[in-house]
Every structure is written in structure tokens, then in C-alpha cells.
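Chain residues, written in single-letter form:
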Amino acid sequence: MTQTLSASSVVCWTSAVEQTRLLAGAVAGQVDDGDLLLLVGDLGAGKTAFTQGFAAALGVSAPVTSPTFTLANRYEGRLIVNHLDVYRLEDLVEARDLAIPELLEQGVTLIEWGQMILPALPTERLDVSITFGDGDDDRCIELNAVGDNWVSRVGALRTATQNWADRQRVTR
């Protein structure tokens, strides 16, 4: 199957949770202080695993867990990693109470289920869409740059993630 990509997208494939974490680490090498990543995918797709690999690459040594019930976790590393899960929010007022603009002032912020609160978020971001593949651990991970800052980094993202760009090489 041929997939049509926009110039601002990068598509990668993984076939194990550890590959998803390694891919996330490669993405983490391309972030700057103040960046926002939205993690989108069904339950169990690998949003938290992605965050674990991302945080580890930034030097976070604490265990990274899903903030489903706490809504937000903050980790110290080379950059601060803010990890939010907005699955349980019922409306945009609750999202605004999370003080996301203030979080973006320091560190990198990853928001699971971020598509649910898009009106409360800045437009400058990297959307990370994780979908299930054919095998139990197979995933398709699409990185979509939104905003000039991220669009200008798409070439660097492609280079950093090239090990996961060939579906045949990473699937069983």
C-alpha cells in the first residue's frame, strides 16, 4: 500500500514496544525547550511507551507512568518533561485549568489524547499519531509538523527517524 504524505509528515513503523521507545528517543533529540507534542492513538496503542522512550532520551531517570488519574506528571532531565493525559477531561474549561501555556514556558510538553482539547492548545506543535498494525506489537507512527517552527524541522526529523522509515525492515 502506498501512502501519500504531506511535506510536513514523517511516517515510521515499529514492531516492538522497545522500538517505539527508541523511535521516541530519536524524536526527543530534535526538540527544544517550549515544544509541544500531541500523542494520539487508541487505548493501548503506545502513547505512554512513546513518552517513556522520549523522556529517557532526555535523561529522565524516574519511572515514567501514565498520568491518567493525576492528569499531569513532571520529570527532570536535560529538559523538563511535562506529561499530561487529558482522556478524563469533560470540557475545555478543565483543560484551561491545566495551565498549559505556563507549562510550555519550561521544558517539553507531551499530551496524551491532545486532540480532545485542540482549541485550548497553541497551534505550534508536533502531532504524533500511533495506530495499530497487523501484528500485536506492530505500530505505524506518523509525525505531523504543525506550525512554521516544526515544519522547519521536518528534514531533521526524517534523518533522525530513518531507521524506522522502511516498513519491510522493521516488521516481522
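Here, every reference points to the structure presented above.
Quick look at the pairing of strand S1 (residues 9-14)
With six of six residues buried, S1 lies mostly within the body of the structure. Burial along S1 is two-sided: Ser9, Val11 and Trp13 facing one way and Val10, Cys12 and Thr14 facing the other are all buried. Taken together, the six bridges between S1 and strand S7 (residues 139-146) define a ladder with antiparallel strand orientation. In the sheet register, threonine 14 faces S7, and the bridge partner there is arginine 139.

A closer look at the sheet that holds strand S2 (residues 36-40)
Backbone-to-backbone hydrogen bonds join strands into a sheet, with any given pair of strands oriented parallel or antiparallel. On the basis of which strands lie adjacent, the open sheet formed by seven strands has the order S1-S7-S6-S2-S5-S4-S3 and mixed pairing. Two strands lie at the open edges of the sheet, namely S1 and strand S3 (72-75), each paired on one side alone. Within this sheet the neighbouring strands show an average axis-to-axis angle of 20 degrees, counted without direction. Relative to strand S4 (residues 81-85), S3 runs antiparallel, the two sharing four bridges. Bridging across to S4, tyrosine 75 finds its partner in valine 81.

Structural notes on helix H2 (residues 47-57)
With eight of eleven residues buried, H2 lies mostly within the body of the structure. Along H2, the residues that are buried comprise Lys47, Thr48, Ala49, Phe50, Thr51, Gly53, Phe54 and Ala55. Check the buried side of H2 and you find it contacts helix H1 (17-28), S2, S4, strand S5 (108-112) and strand S6 (125-132). Glycine 59 occupies a position one or two residues after H2 and carries a positive phi of about 85 degrees.

With respect to a nonpolar patch on the surface
Together, Leu43, Tyr87 and Met116 line one region of the surface with nonpolar side chains, adding up to about 310 Å² of accessible area. Within the element layout of this structure, leucine 43 appears in the loop between S2 and H2.

A word on the packing of aromatic side chains
Note on aromatic pairs: each is described by the distance of the centres and the angle between the planes. Inspection of every chain in the model, using the stated rule, returns two aromatic pairs. On the numbers, 6.4 Å between centres and 25 degrees between planes, the contact of phenylalanine 50 with phenylalanine 54 is stacked. Of this pair, phenylalanine 50 and phenylalanine 54 both sit in helix H2, four residues apart, which is roughly one turn of the helix. Their ring planes at 50 degrees and their centres at 4.7 Å tell us that tyrosine 87 and tryptophan 113 sit as a pair that is tilted. Residue tyrosine 87 is found in the loop between S4 and helix H3 (92-96), and its partner tryptophan 113 is found in the loop between S5 and S6; the two are separated by 26 residues along the sequence. Tyrosine 87 sits in the partly exposed class, given a relative accessible area of 39%. Here the guanidinium or amino end of arginine 153 rests over the ring plane of tryptophan 150, the centre of that ring lying 3.9 Å away.

Parameters at a glance
Residues numbered from 1 in each chain as written. Predicted model: local features only at pLDDT ≥ 70, side-chain atom pairs only at ≥ 80, totals over all residues. Heavy atoms only, no water. Buried < 20%, exposed > 50% of the residue type's maximum accessible area, 1.4 Å probe, protein only. Helix = DSSP H or I, 4+ residues; strand = E, 2+ residues; numbered from the N terminus. Pairing = 2+ DSSP bridges. Axes fitted to C-alpha atoms, helices over the stretch in contact; angles between N-to-C directions. Contact = heavy atoms within 4.5 Å. Patch = residues over 30% accessible without salt bridge, like charges linked within 9 Å, V, L, I, M, F, W, Y side chains within 5 Å. Areas by Shrake-Rupley, 256 points an atom, 1.4 Å probe, with all protein chains shown as cover. Salt bridge = Lys/Arg side-chain N within 4 Å of Asp/Glu carboxyl O. Phe/Tyr/Trp six-rings, centres within 6.5 Å; stacked < 30°, edge-to-face > 60°. Lys NZ or Arg CZ within 6 Å of the ring centre and 35° of its normal.

Everything listed here is a matter of coordinates, which is why it stays silent on function.
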